[in-house]
Amino acid sequence: MAVDVVMPQMGESIFEGTVTKWLRKPGESVRRDEPLFEISTDKVDAEIPAPATGVLKEIKVPAGQTVQVNTVVAVLESSDGASAPAPAAAPAPAVAAPAPAPAPAPAPAQPAAAAPAPPPPPRTAPAPVPAPVAVAAAPAADVRSSPLVRRLAQEHGVNLAAVPASGEGGRVSKRDLLEYIENKPAAAAAPAAAAAPAAAPAPAAAPAPAPAPAPQVYAPGSVRVEPMSIMRQRIAEHMVMSKHTSPHVYSVFAVDATAIVQIRDREKARFESSTGQKLTFMPFFLQGVVQTLRQFPALNSSMQEKSIVYKNDINLGIAVALDWGLIVPVIKHAEEKNFLGLQRAVNDLAERARTKKLLPDEVQDGTFSISNYGIYGGLFGMPVINQPQVAILGIGGIHKTPMVINDAIAIRSLVYLTLSFDHRVVDGATADQALAFLRAQIENWNTPIL
């Protein structure tokens, strides 16, 4: 039987997705639950399994195209041989009977003599034309749309209530918004031109806009040009939006990590044999961050208009570098997990991020983020805040470094921690106090790991 393959809804707030790659070609067989194609949404990239075993008969949506959820993207010919129930055919519209031709009106009787024309009516002043009544548009908050569409509308200063919606359930899709933005200047110019009085003197011609720079021409074979992936486009939009939204300030602390290095070297074999989990440095920092956020709740907040929203839950976003981009899965309720629970959560999310098995709910609702670029040997960096959060911690590499301890030179394991924070909400004093608190926990670690 023919089985329709549809664009899945990967979460409540997701209404469209982009097919990024087909893993089978028409005519190739696939087993049920085997990966069939990859999609990208404004939340997550994922592999979509085949809904049945059979042969890929037709691809209706090619790679690179964005469609709404529940759109049929392909057709499988299932191997069980049964016929698929056909959708109920829509009833044919009734054919309207032709209306009878109207009877010809009787010819008026010829008057014997022409009647005198009536006197002209007295001249009166024309009645004033009532002014048009302005109808207020519905607030944008009431318009059904995805978080990506709302973010783009905010960036371009567009009221979503004014955008014609063609999405499912009256939702404004990304395509609706982009078409509205593209046509908005021409539409706004037309009424303005019509409202200009005919007798008004012609205004001085506005200076012509500077021509767009011509694309750079490269010698044949000297470059390779590739379109940005959907994920890379989302990252670019999010990073630019964050820089435009938050005034970023940075604080960097040098932290002696010798204590946790010694604990890891001493306990990693026993930890792995007892739990089946590899012991990394990340849970040390995660547990320290949880305690820090409890002491400094401003770092675990967000800004909403002229209010600060303090979060009771601590949901830690962990940046995971992928071969095709970057994603930030979230450890929900990190304050409820012990050391082992944090290590398991990190390992699980990182593995499923790399195999495209994450669910949309696992990459949203973060309250604070951590970027561990030190695994590649970096000393320190200046990470960009993950909106709508107000801070992110960057962890550099742990390097053996000569330090002065009690007026003597000693070799210690040093790590640089960078806190990027939103200066609208967090002051420099608060940020430095929080980093000093975290440093004290790392340098004087006394919490059992098993």
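Residues numbered from 1 in each chain as written. Predicted model: local features only at pLDDT ≥ 70, side-chain atom pairs only at ≥ 80, totals over all residues. Heavy atoms only, no water.

Draft legend 1. Geometry of the nonpolar core. By size, the foremost hydrophobic cluster in this structure holds 56 residues, and its most contacted members are Leu-316 and Phe-368. Examining the composition of this core, we find that eight residues originate from one element, helix α6 (residues 339–354), more than from any other. In contact with Phe-368, not counting residues within four places along its chain, are Val-289, Leu-293, Leu-299, Asn-300, Asn-315, Leu-316, Gly-317, Gln-389, Ala-391, Ile-392, Leu-393 and Leu-419. One finds Met-7, Ala-52, Leu-56 and Val-73 within the second-largest nonpolar core, a separate group that totals 20 residues. (Core = buried A, V, L, I, M, F, W, Y, C linked by side-chain atoms within 4.5 Å. Buried < 20%, exposed > 50% of the residue type's maximum accessible area, 1.4 Å probe, protein only. Helix = DSSP H or I, 4+ residues; strand = E, 2+ residues; numbered from the N terminus. Contact = heavy atoms within 4.5 Å.)

Draft legend 2. The arrangement of the sheet that holds strand β7 (residues 66–68) in detail. Pairing is antiparallel across the open sheet formed by four strands, whose spatial order is β5-β4-β2-β7. In the strand order of this sheet, the two ends are held by β5 (45–49) and β7, each with one partner. Within the sheet, the average angular offset between the axes of one strand and its neighbour, ignoring direction, is 40 degrees. Note: strand β4 (residues 35–40) against β5, five bridges, orientation antiparallel. Its bridge partner being in β5, Phe-37 is matched across the sheet by Ile-48. Sitting on the sheet, helix α3 (residues 230–245) is in contact with β2 (16–22), β4 and β5, with an inclination near 135 degrees to β2. (Pairing = 2+ DSSP bridges. Axes fitted to C-alpha atoms, helices over the stretch in contact; angles between N-to-C directions.)

Draft legend 3. Geometry of the side chain of Thr-418. Tracing the chain through its elements places Thr-418 in strand β19 (residues 408–422). Relative accessible area serves as the criterion here: at 0%, Thr-418 is assigned to the buried category. Looking at Thr-418, its side chain comes within polar contact range of the main-chain oxygen of Gly-381, at 3.1 Å. Apart from the residues lying within four places of it in its own chain, the contact partners of Thr-418 are Ser-251, Val-252, Tyr-373, Phe-380, Gly-381, Met-382, Pro-383, Ile-392, Leu-393 and Gly-394. (Polar contact = N/O pair within 3.5 Å; in protein donor to acceptor, adjacent residues only side chain to side chain.)

Draft legend 4. Here's a closer look at the pairing of strand β16 (residues 368–371). Of the two faces of β16, the one holding Phe-368 and Ile-370 and the one holding Ser-369 and Ser-371 are both buried throughout. Bridging between strand β12 (residues 316–318) and β16 involves three bridges; their strand directions are parallel. By the bridge assignment, Gly-317 is partnered in β16 with Ser-369.

Draft legend 5. Region of the structure containing the confidence of the model for the protein. Here the protein shows a mean pLDDT of 81. Residues at 70 or above account for 77%. Across the protein, strand β17 (residues 391–395) holds the top mean pLDDT of 98, while helix α2 (residues 174–195) sits lowest at 63. Every residue in residues 82–117 is under pLDDT 50, and counting partners more than four places away or in other chains gives four contacts. Contacts of residues 124–138 to residues separated by more than four positions or lying in other chains number four contacts, the stretch itself having pLDDT below 50. (pLDDT = per-residue confidence, 0-100.)

Draft legend 6. Inspection of helix α4 (residues 258–275) at higher detail. Here α4 is 18 residues long and its end C-alpha atoms lie 24 Å apart, about the 26 Å a rise of 1.5 Å per residue gives. Along α4, the residues classified as buried are Thr-258, Ile-260, Val-261, Ile-263, Glu-267, Phe-271 and Thr-275. Where α4 is buried, its residues contact β9 (248–256), α5 (282–295), α6, β19 and α7 (428–443). Trailing α4 by a residue or two, Gly-276 shows a phi angle of about 75 degrees, which is positive. (Expected span 1.5 Å × (residues − 1).)

Draft legend 7. Molecular detail of the layout of surface pockets. In this structure, the second largest pocket encloses a volume near 230 Å³. If you go around the second largest pocket, you meet 15 residues; those closest to its centre are Thr-20, Glu-38, Asp-45, Ser-229 and Ile-230. Mapped onto the lining of the second largest pocket, the elements with two or more residues apiece are β2, β4, β5 and α3. Counted by class, the lining of the second largest pocket contains seven nonpolar, four polar and four charged residues. (1 Å grid on protein atoms, 1.4 Å probe; cavity = no way out; pocket = protein on both sides within 12 Å on 5 of 7 lines; lining within 4 Å. Points joined across faces, edges and corners; volume = space filled by probe spheres on them. Nonpolar A, V, L, I, M, F, W, Y, C, P; charged D, E, K, R; others polar.)

Draft legend 8. Layout of a nonpolar patch on the surface. Taken together, the side chains of Val-252, Leu-379, Phe-380 and Met-382 make up a nonpolar region of the molecular surface, amounting to roughly 340 Å² of accessible area. Note that Phe-380 resides in the loop between β16 and β17. Assessed through its relative accessible area of 41%, Phe-380 is described here as partly exposed. (Patch = residues over 30% accessible without salt bridge, like charges linked within 9 Å, V, L, I, M, F, W, Y side chains within 5 Å. Areas by Shrake-Rupley, 256 points an atom, 1.4 Å probe, with all protein chains shown as cover. Salt bridge = Lys/Arg side-chain N within 4 Å of Asp/Glu carboxyl O.)

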